[in-house]
Amino acid sequence: MKYFLICCWTFLCLVSCDNNHRVGTVGPDIPSIDSLQVYLDKANNGDIEAKFISGILLQSKQSKLDSIKASEYLNSAAESGYAPAERAIASELLDSTSRNYNLNKGIEMLSKSAEHGHLMAKMELSNYYFEGKGGNVDNEKALKLLNEGLIGLLNLAKEGNSKAQWILGQMFISGNYLPQNNEQGNLWLKKSADANNAYGQLLYGSSFMNGEAKDYPSAFYWINEANKKKLPKSYAILAALYSNGFGTSQDIKKAFELNLEGAKLGDYTAMFNVAYCFDSGQGVEVNESEAFKWYKKLADAGDISAQNNIGAMYQYGKGVVKDSSEAFKWYMKAAKGGNSLAECNVGRCYANGEGVEKDLTEAVKWFTKSAEHGNPQGYSALADCYAFGLGVPKDLSKAAYWRDKANVR
(Lines give C-alpha, C1' and ligand atoms only; values in the text may rest on other atoms or scores of the structure.)
Protein backbone atom coordinates (compact mmCIF):
# COMPACT_ATOMS: atom_id res chain seq x y z
CA MET A 1 0.00 0.00 0.00
CA LYS A 2 1.20 3.50 -0.80
CA TYR A 3 1.60 5.63 2.27
CA PHE A 4 2.12 9.31 1.74
CA LEU A 5 1.88 9.76 5.50
CA ILE A 6 5.67 9.84 5.32
CA CYS A 7 6.25 13.43 6.32
CA CYS A 8 9.26 15.62 5.55
CA TRP A 9 11.04 14.87 8.81
CA THR A 10 10.83 11.14 8.09
CA PHE A 11 12.32 11.50 4.64
CA LEU A 12 15.04 13.93 5.80
CA CYS A 13 15.86 11.52 8.61
CA LEU A 14 16.19 8.82 5.99
CA VAL A 15 18.66 10.77 3.91
CA SER A 16 20.83 11.93 6.79
CA CYS A 17 20.45 8.94 9.12
CA ASP A 18 23.11 7.74 11.46
CA ASN A 19 25.14 5.02 9.75
CA ASN A 20 25.65 3.36 13.14
CA HIS A 21 21.93 2.63 13.30
CA ARG A 22 21.18 -1.07 13.55
CA VAL A 23 20.67 -2.02 9.92
CA GLY A 24 18.59 -5.20 10.10
CA THR A 25 18.01 -7.62 7.24
CA VAL A 26 16.06 -8.07 4.03
CA GLY A 27 17.00 -11.74 3.76
CA PRO A 28 18.77 -13.52 0.91
CA ASP A 29 17.79 -13.44 -2.75
CA ILE A 30 16.16 -16.72 -3.77
CA PRO A 31 18.23 -18.72 -6.27
CA SER A 32 16.96 -20.84 -9.16
CA ILE A 33 15.03 -24.04 -8.42
CA ASP A 34 17.80 -26.11 -10.03
CA SER A 35 20.00 -25.34 -7.01
CA LEU A 36 17.41 -26.85 -4.63
CA GLN A 37 19.40 -29.99 -3.81
CA VAL A 38 22.41 -27.94 -2.72
CA TYR A 39 20.24 -26.08 -0.19
CA LEU A 40 18.39 -29.20 0.92
CA ASP A 41 21.72 -30.81 1.80
CA LYS A 42 22.71 -27.75 3.83
CA ALA A 43 19.27 -27.53 5.44
CA ASN A 44 19.39 -31.16 6.51
CA ASN A 45 22.72 -30.40 8.20
CA GLY A 46 21.05 -27.65 10.25
CA ASP A 47 21.78 -24.51 8.18
CA ILE A 48 18.95 -22.08 9.06
CA GLU A 49 19.24 -19.88 5.97
CA ALA A 50 19.29 -22.99 3.78
CA LYS A 51 16.08 -24.18 5.46
CA PHE A 52 14.42 -20.90 4.52
CA ILE A 53 15.65 -21.03 0.92
CA SER A 54 14.68 -24.70 0.61
CA GLY A 55 11.20 -23.90 1.89
CA ILE A 56 10.69 -21.10 -0.63
CA LEU A 57 12.00 -23.21 -3.52
CA LEU A 58 9.82 -26.17 -2.54
CA GLN A 59 6.78 -23.89 -2.45
CA SER A 60 7.37 -23.01 -6.10
CA LYS A 61 7.10 -26.69 -7.11
CA GLN A 62 3.42 -26.61 -6.09
CA SER A 63 2.85 -30.32 -5.40
CA LYS A 64 1.11 -31.29 -2.15
CA LEU A 65 4.15 -33.19 -0.88
CA ASP A 66 6.51 -30.32 -1.71
CA SER A 67 4.14 -27.90 0.02
CA ILE A 68 4.22 -30.01 3.19
CA LYS A 69 8.03 -30.19 3.12
CA ALA A 70 8.22 -26.45 2.45
CA SER A 71 6.16 -25.74 5.57
CA GLU A 72 8.40 -28.01 7.64
CA TYR A 73 11.57 -26.20 6.56
CA LEU A 74 10.06 -22.73 6.95
CA ASN A 75 8.60 -23.52 10.37
CA SER A 76 11.92 -24.96 11.51
CA ALA A 77 13.73 -21.80 10.43
CA ALA A 78 11.07 -19.60 12.02
CA GLU A 79 11.27 -21.49 15.31
CA SER A 80 14.95 -20.54 15.37
CA GLY A 81 13.96 -16.87 15.13
CA TYR A 82 15.05 -16.49 11.49
CA ALA A 83 13.25 -13.31 10.43
CA PRO A 84 12.88 -14.03 6.67
CA ALA A 85 11.16 -17.36 7.44
CA GLU A 86 8.83 -15.66 9.91
CA ARG A 87 7.92 -13.08 7.27
CA ALA A 88 7.33 -15.82 4.65
CA ILE A 89 4.93 -17.63 6.97
CA ALA A 90 3.22 -14.35 7.83
CA SER A 91 2.73 -13.60 4.12
CA GLU A 92 0.72 -16.79 3.64
CA LEU A 93 -1.31 -16.24 6.79
CA LEU A 94 -2.13 -12.69 5.70
CA ASP A 95 -3.09 -13.70 2.15
CA SER A 96 -6.89 -13.53 2.10
CA THR A 97 -6.99 -15.95 -0.85
CA SER A 98 -5.01 -18.62 1.02
CA ARG A 99 -6.77 -21.51 2.76
CA ASN A 100 -4.41 -20.80 5.68
CA TYR A 101 -5.57 -17.17 6.01
CA ASN A 102 -5.53 -16.02 9.62
CA LEU A 103 -5.25 -12.28 10.22
CA ASN A 104 -4.34 -12.37 13.91
CA LYS A 105 -1.75 -15.16 13.58
CA GLY A 106 -0.35 -13.46 10.51
CA ILE A 107 0.14 -10.16 12.30
CA GLU A 108 1.65 -12.00 15.26
CA MET A 109 4.19 -13.73 12.99
CA LEU A 110 4.90 -10.51 11.08
CA SER A 111 5.54 -8.80 14.42
CA LYS A 112 8.09 -11.49 15.33
CA SER A 113 9.86 -10.99 12.01
CA ALA A 114 9.94 -7.22 12.58
CA GLU A 115 11.24 -7.69 16.13
CA HIS A 116 14.01 -9.91 14.74
CA GLY A 117 15.10 -7.15 12.37
CA HIS A 118 13.40 -7.81 9.04
CA LEU A 119 13.11 -4.36 7.49
CA MET A 120 10.32 -5.20 5.06
CA ALA A 121 8.35 -6.81 7.89
CA LYS A 122 8.61 -3.53 9.83
CA MET A 123 7.20 -1.56 6.92
CA GLU A 124 4.47 -4.09 6.19
CA LEU A 125 3.52 -4.19 9.86
CA SER A 126 3.21 -0.41 9.83
CA ASN A 127 0.36 -0.81 7.31
CA TYR A 128 -1.68 -2.73 9.86
CA TYR A 129 -1.16 -0.10 12.54
CA PHE A 130 -2.05 2.70 10.11
CA GLU A 131 -5.27 0.90 9.15
CA GLY A 132 -6.05 -0.63 12.54
CA LYS A 133 -6.40 -4.14 11.12
CA GLY A 134 -6.21 -6.76 13.83
CA GLY A 135 -6.34 -4.05 16.52
CA ASN A 136 -6.60 -0.32 17.06
CA VAL A 137 -5.13 2.39 14.84
CA ASP A 138 -1.75 3.48 16.21
CA ASN A 139 -0.16 6.08 13.91
CA GLU A 140 2.74 6.71 16.28
CA LYS A 141 3.78 3.06 16.32
CA ALA A 142 3.17 2.81 12.56
CA LEU A 143 5.44 5.77 11.82
CA LYS A 144 8.12 4.41 14.16
CA LEU A 145 8.12 1.04 12.36
CA LEU A 146 8.07 2.69 8.96
CA ASN A 147 10.93 4.99 9.85
CA GLU A 148 13.03 2.14 11.27
CA GLY A 149 12.42 0.05 8.17
CA LEU A 150 13.30 2.81 5.72
CA ILE A 151 16.39 3.95 7.63
CA GLY A 152 17.63 0.36 7.91
CA LEU A 153 16.98 -0.28 4.22
CA LEU A 154 18.86 2.84 3.14
CA ASN A 155 21.79 2.04 5.42
CA LEU A 156 21.91 -1.52 4.10
CA ALA A 157 21.82 -0.24 0.50
CA LYS A 158 24.59 2.30 1.22
CA GLU A 159 26.71 -0.49 2.68
CA GLY A 160 26.47 -2.30 -0.67
CA ASN A 161 23.74 -4.87 -0.01
CA SER A 162 22.54 -5.47 -3.59
CA LYS A 163 19.13 -6.83 -2.54
CA ALA A 164 18.44 -3.75 -0.43
CA GLN A 165 19.48 -1.64 -3.41
CA TRP A 166 16.94 -3.14 -5.80
CA ILE A 167 14.20 -3.05 -3.15
CA LEU A 168 14.93 0.63 -2.55
CA GLY A 169 14.96 1.26 -6.28
CA GLN A 170 11.58 -0.39 -6.68
CA MET A 171 10.13 1.67 -3.84
CA PHE A 172 11.22 4.93 -5.44
CA ILE A 173 9.85 3.90 -8.84
CA SER A 174 6.51 2.66 -7.51
CA GLY A 175 6.09 5.44 -4.95
CA ASN A 176 5.41 2.77 -2.35
CA TYR A 177 6.57 3.86 1.14
CA LEU A 178 8.66 6.63 -0.49
CA PRO A 179 7.89 9.64 -2.70
CA GLN A 180 7.86 8.48 -6.33
CA ASN A 181 11.19 9.34 -8.02
CA ASN A 182 12.26 7.45 -11.14
CA GLU A 183 15.71 9.01 -11.18
CA GLN A 184 16.49 7.85 -7.65
CA GLY A 185 14.89 4.50 -8.36
CA ASN A 186 16.99 3.83 -11.44
CA LEU A 187 20.12 4.95 -9.59
CA TRP A 188 19.63 2.26 -6.95
CA LEU A 189 18.61 -0.37 -9.49
CA LYS A 190 21.80 0.32 -11.44
CA LYS A 191 23.90 -0.09 -8.30
CA SER A 192 22.31 -3.47 -7.73
CA ALA A 193 22.73 -4.46 -11.38
CA ASP A 194 26.38 -3.36 -11.40
CA ALA A 195 26.88 -5.50 -8.27
CA ASN A 196 25.84 -8.49 -10.43
CA ASN A 197 22.54 -9.05 -8.61
CA ALA A 198 20.20 -10.96 -10.93
CA TYR A 199 17.05 -9.28 -9.58
CA GLY A 200 18.68 -5.86 -9.86
CA GLN A 201 19.69 -6.62 -13.44
CA LEU A 202 16.18 -7.78 -14.35
CA LEU A 203 14.52 -4.74 -12.81
CA TYR A 204 17.07 -2.30 -14.22
CA GLY A 205 16.74 -3.87 -17.66
CA SER A 206 12.95 -3.70 -17.45
CA SER A 207 13.15 0.02 -16.62
CA PHE A 208 14.43 0.65 -20.14
CA MET A 209 11.14 -0.62 -21.54
CA ASN A 210 9.04 1.91 -19.62
CA GLY A 211 8.10 5.42 -20.65
CA GLU A 212 8.24 6.97 -24.10
CA ALA A 213 12.03 6.85 -24.62
CA LYS A 214 12.48 3.09 -24.71
CA ASP A 215 15.98 1.63 -25.00
CA TYR A 216 15.55 -1.98 -26.03
CA PRO A 217 19.26 -2.76 -26.59
CA SER A 218 20.00 -1.78 -22.96
CA ALA A 219 16.93 -3.69 -21.79
CA PHE A 220 18.10 -6.78 -23.68
CA TYR A 221 21.63 -6.52 -22.28
CA TRP A 222 20.62 -6.38 -18.63
CA ILE A 223 17.77 -8.88 -18.83
CA ASN A 224 20.08 -11.29 -20.64
CA GLU A 225 22.62 -10.84 -17.80
CA ALA A 226 19.91 -11.76 -15.30
CA ASN A 227 18.93 -14.72 -17.42
CA LYS A 228 22.49 -16.06 -17.35
CA LYS A 229 21.92 -16.62 -13.63
CA LYS A 230 18.75 -18.64 -14.36
CA LEU A 231 16.44 -16.17 -12.69
CA PRO A 232 12.99 -17.69 -13.38
CA LYS A 233 11.20 -14.41 -14.13
CA SER A 234 13.83 -13.38 -16.68
CA TYR A 235 12.97 -16.09 -19.22
CA ALA A 236 9.53 -14.85 -20.28
CA ILE A 237 10.70 -11.23 -20.52
CA LEU A 238 13.76 -12.15 -22.57
CA ALA A 239 11.55 -14.40 -24.72
CA ALA A 240 9.25 -11.44 -25.44
CA LEU A 241 12.24 -9.41 -26.65
CA TYR A 242 13.28 -12.23 -29.01
CA SER A 243 9.69 -12.77 -30.16
CA ASN A 244 9.28 -9.10 -31.12
CA GLY A 245 12.86 -8.46 -32.22
CA PHE A 246 13.32 -5.73 -29.61
CA GLY A 247 16.98 -5.06 -28.84
CA THR A 248 18.00 -8.22 -30.72
CA SER A 249 17.21 -10.15 -33.89
CA GLN A 250 13.72 -11.62 -34.00
CA ASP A 251 13.80 -15.33 -33.24
CA ILE A 252 10.46 -17.03 -32.52
CA LYS A 253 12.03 -20.42 -31.92
CA LYS A 254 14.50 -18.97 -29.40
CA ALA A 255 11.59 -17.23 -27.67
CA PHE A 256 9.78 -20.56 -27.28
CA GLU A 257 12.92 -22.27 -25.96
CA LEU A 258 13.39 -19.54 -23.35
CA ASN A 259 9.77 -19.77 -22.26
CA LEU A 260 10.10 -23.54 -21.94
CA GLU A 261 13.18 -23.19 -19.72
CA GLY A 262 11.38 -20.64 -17.56
CA ALA A 263 8.30 -22.86 -17.39
CA LYS A 264 10.39 -25.77 -16.15
CA LEU A 265 11.69 -23.47 -13.39
CA GLY A 266 8.10 -22.74 -12.35
CA ASP A 267 7.52 -19.23 -13.72
CA TYR A 268 3.78 -18.80 -14.33
CA THR A 269 4.12 -16.34 -17.22
CA ALA A 270 6.55 -18.65 -19.03
CA MET A 271 4.23 -21.62 -18.40
CA PHE A 272 1.28 -19.79 -19.93
CA ASN A 273 3.39 -18.75 -22.91
CA VAL A 274 4.54 -22.33 -23.49
CA ALA A 275 0.94 -23.57 -23.43
CA TYR A 276 -0.07 -20.84 -25.87
CA CYS A 277 2.85 -21.65 -28.19
CA PHE A 278 1.96 -25.35 -28.27
CA ASP A 279 -1.68 -24.40 -28.89
CA SER A 280 -0.96 -21.91 -31.69
CA GLY A 281 2.28 -23.28 -33.14
CA GLN A 282 4.43 -20.24 -32.40
CA GLY A 283 8.07 -21.30 -32.45
CA VAL A 284 7.13 -24.97 -32.13
CA GLU A 285 4.84 -27.47 -33.86
CA VAL A 286 1.25 -27.49 -32.67
CA ASN A 287 0.79 -30.02 -29.89
CA GLU A 288 -2.58 -29.71 -28.20
CA SER A 289 -1.78 -32.39 -25.62
CA GLU A 290 1.29 -30.43 -24.49
CA ALA A 291 -0.76 -27.22 -24.46
CA PHE A 292 -3.34 -28.91 -22.24
CA LYS A 293 -0.61 -30.20 -19.90
CA TRP A 294 0.85 -26.75 -19.30
CA TYR A 295 -2.51 -25.00 -19.01
CA LYS A 296 -3.59 -27.68 -16.52
CA LYS A 297 -0.55 -27.03 -14.29
CA LEU A 298 -1.46 -23.38 -14.15
CA ALA A 299 -5.17 -24.06 -13.74
CA ASP A 300 -4.49 -26.35 -10.79
CA ALA A 301 -2.40 -23.55 -9.26
CA GLY A 302 -5.38 -21.17 -9.51
CA ASP A 303 -4.64 -19.22 -12.70
CA ILE A 304 -8.08 -18.12 -13.92
CA SER A 305 -7.03 -17.54 -17.55
CA ALA A 306 -5.62 -21.06 -17.71
CA GLN A 307 -8.78 -22.41 -16.07
CA ASN A 308 -10.88 -20.78 -18.77
CA ASN A 309 -8.63 -22.22 -21.47
CA ILE A 310 -8.84 -25.69 -19.93
CA GLY A 311 -12.62 -25.32 -20.07
CA ALA A 312 -12.40 -24.52 -23.79
CA MET A 313 -10.13 -27.49 -24.45
CA TYR A 314 -12.60 -29.82 -22.74
CA GLN A 315 -15.50 -28.22 -24.60
CA TYR A 316 -13.94 -28.71 -28.04
CA GLY A 317 -11.86 -31.81 -27.33
CA LYS A 318 -8.51 -30.14 -27.92
CA GLY A 319 -5.65 -32.13 -26.39
CA VAL A 320 -8.10 -34.03 -24.21
CA VAL A 321 -11.28 -36.11 -24.64
CA LYS A 322 -14.28 -33.83 -25.14
CA ASP A 323 -16.26 -33.50 -21.91
CA SER A 324 -18.96 -30.83 -21.54
CA SER A 325 -19.31 -31.37 -17.79
CA GLU A 326 -15.57 -30.83 -17.23
CA ALA A 327 -15.68 -27.81 -19.51
CA PHE A 328 -18.46 -26.25 -17.42
CA LYS A 329 -16.61 -27.06 -14.18
CA TRP A 330 -13.47 -25.25 -15.30
CA TYR A 331 -15.37 -22.33 -16.79
CA MET A 332 -17.17 -21.92 -13.48
CA LYS A 333 -13.90 -21.99 -11.51
CA ALA A 334 -12.46 -19.24 -13.71
CA ALA A 335 -15.71 -17.26 -13.60
CA LYS A 336 -15.85 -17.36 -9.81
CA GLY A 337 -12.27 -16.10 -9.87
CA GLY A 338 -13.38 -13.07 -11.89
CA ASN A 339 -12.38 -13.99 -15.45
CA SER A 340 -14.85 -12.09 -17.63
CA LEU A 341 -14.52 -14.39 -20.67
CA ALA A 342 -15.18 -17.40 -18.43
CA GLU A 343 -18.29 -15.65 -17.10
CA CYS A 344 -19.54 -15.38 -20.66
CA ASN A 345 -18.65 -19.03 -21.30
CA VAL A 346 -20.60 -20.10 -18.21
CA GLY A 347 -23.54 -18.14 -19.60
CA ARG A 348 -23.24 -19.96 -22.93
CA CYS A 349 -23.19 -23.33 -21.15
CA TYR A 350 -26.43 -22.44 -19.36
CA ALA A 351 -27.95 -21.03 -22.55
CA ASN A 352 -27.17 -24.16 -24.58
CA GLY A 353 -27.47 -26.76 -21.83
CA GLU A 354 -23.87 -27.87 -22.31
CA GLY A 355 -22.41 -29.58 -19.25
CA VAL A 356 -25.25 -28.24 -17.12
CA GLU A 357 -29.05 -28.13 -17.28
CA LYS A 358 -30.31 -25.39 -19.61
CA ASP A 359 -31.31 -22.29 -17.67
CA LEU A 360 -31.74 -19.01 -19.56
CA THR A 361 -32.17 -16.98 -16.37
CA GLU A 362 -28.76 -18.19 -15.15
CA ALA A 363 -27.33 -17.55 -18.61
CA VAL A 364 -28.44 -13.92 -18.49
CA LYS A 365 -27.00 -13.55 -14.99
CA TRP A 366 -23.55 -14.65 -16.15
CA PHE A 367 -23.71 -12.70 -19.43
CA THR A 368 -24.53 -9.61 -17.35
CA LYS A 369 -21.53 -10.20 -15.08
CA SER A 370 -19.27 -10.61 -18.09
CA ALA A 371 -20.62 -7.43 -19.70
CA GLU A 372 -20.35 -5.43 -16.48
CA HIS A 373 -16.71 -6.54 -16.28
CA GLY A 374 -16.10 -5.11 -19.75
CA ASN A 375 -15.93 -8.23 -21.91
CA PRO A 376 -16.98 -7.61 -25.55
CA GLN A 377 -18.31 -11.16 -25.91
CA GLY A 378 -20.43 -10.54 -22.83
CA TYR A 379 -21.79 -7.39 -24.49
CA SER A 380 -22.81 -9.33 -27.62
CA ALA A 381 -24.34 -12.25 -25.73
CA LEU A 382 -26.38 -9.93 -23.51
CA ALA A 383 -27.48 -7.93 -26.57
CA ASP A 384 -28.81 -11.14 -28.14
CA CYS A 385 -30.72 -12.00 -24.96
CA TYR A 386 -32.51 -8.65 -24.99
CA ALA A 387 -33.01 -8.72 -28.76
CA PHE A 388 -34.75 -12.10 -28.75
CA GLY A 389 -36.16 -12.15 -25.22
CA LEU A 390 -33.97 -15.02 -24.03
CA GLY A 391 -34.18 -15.24 -20.23
CA VAL A 392 -35.31 -11.60 -20.03
CA PRO A 393 -38.23 -9.60 -21.48
CA LYS A 394 -37.50 -8.50 -25.02
CA ASP A 395 -36.06 -4.96 -24.97
CA LEU A 396 -34.70 -3.59 -28.25
CA SER A 397 -33.31 -0.43 -26.64
CA LYS A 398 -31.20 -2.45 -24.21
CA ALA A 399 -30.19 -4.77 -27.03
CA ALA A 400 -29.01 -1.75 -29.04
CA TYR A 401 -27.14 -0.37 -26.02
CA TRP A 402 -25.14 -3.56 -25.49
CA ARG A 403 -24.66 -4.05 -29.24
CA ASP A 404 -23.16 -0.56 -29.51
CA LYS A 405 -20.74 -1.31 -26.67
CA ALA A 406 -19.72 -4.52 -28.45
CA ASN A 407 -19.02 -2.63 -31.67
CA VAL A 408 -16.96 0.15 -30.03
CA ARG A 409 -13.69 -1.53 -29.11
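Just so we're clear, the structure is a prediction, and the values are computed from it rather than from any experiment. (Residues numbered from 1 in each chain as written. Predicted model: local features only at pLDDT ≥ 70, side-chain atom pairs only at ≥ 80, totals over all residues. Heavy atoms only, no water.)

Enquirer: Sorry if this is basic, but what is going on with helix α20 (residues 360–372) here?
Expert: Quick reminder: α-helices carry 3.6 residues per turn. Residues three or four places apart thus point the same way. An ideal rise of 1.5 Å per residue puts 18 Å on 13 residues; α20 measures up with 18 Å between its terminal C-alpha atoms. Taken together, the buried positions of α20 are Ala363, Val364, Trp366, Phe367, Ser370 and Ala371. Summarising the contacts, the buried residues of α20 are in contact with α18 (324–336), α19 (340–352), α21 (376–388) and α22 (396–407). You can read the cap of α20 off the contacts: a side-chain oxygen lies 3.1 Å from the backbone nitrogen of Thr361, and it is on Asp359. (Helix = DSSP H or I, 4+ residues; strand = E, 2+ residues; numbered from the N terminus. Expected span 1.5 Å × (residues − 1). Buried < 20%, exposed > 50% of the residue type's maximum accessible area, 1.4 Å probe, protein only. Contact = heavy atoms within 4.5 Å. Polar contact = N/O pair within 3.5 Å; in protein donor to acceptor, adjacent residues only side chain to side chain.)

Enquirer: Can you help me understand the packing of aromatic side chains in this one?
Expert: Describing an aromatic ring pair means giving the distance of the ring centres and the angle of the ring planes. Going through the model one piece at a time under the given rule, you end up with 13 aromatic pairs. Plain terms: the ring middles of Phe272 and Tyr295 are 5.4 Å apart, the flat faces sit at 70° to each other, and that makes the pair edge-to-face. Placement of Phe272 in helix α15 (residues 268–280) and of Tyr295 in helix α16 (residues 288–300) is noted, with a sequence separation of 23 residues between them. Since its relative accessible area comes to 2%, Tyr295 is described here as buried. Ring geometry for Tyr401 versus Trp402: centroids 5.0 Å apart, planes at 80°, classification edge-to-face. Its relative accessible area of 46% is what places Tyr401 among the partly exposed residues. Counting every residue linked through ring pairs, the aromatic cluster contains Tyr204, Phe208, Tyr221 and Trp222. (Phe/Tyr/Trp six-rings, centres within 6.5 Å; stacked < 30°, edge-to-face > 60°.)

Enquirer: Which parts of the structure should I look at to understand the nonpolar core?
Expert: As a rule of thumb, soluble globular proteins bury nonpolar side chains together. Val26, Phe52, Met123, Leu153, Leu168 and Met171 are the most contacted members of the largest nonpolar core, which has 74 residues in total. Residue contributions to this core peak at 8 residues, all from helix α8 (residues 139–158). With 48 residues, the next largest nonpolar core counts Phe256, Phe278, Cys349 and Trp402 among its residues. (Core = buried A, V, L, I, M, F, W, Y, C linked by side-chain atoms within 4.5 Å.)

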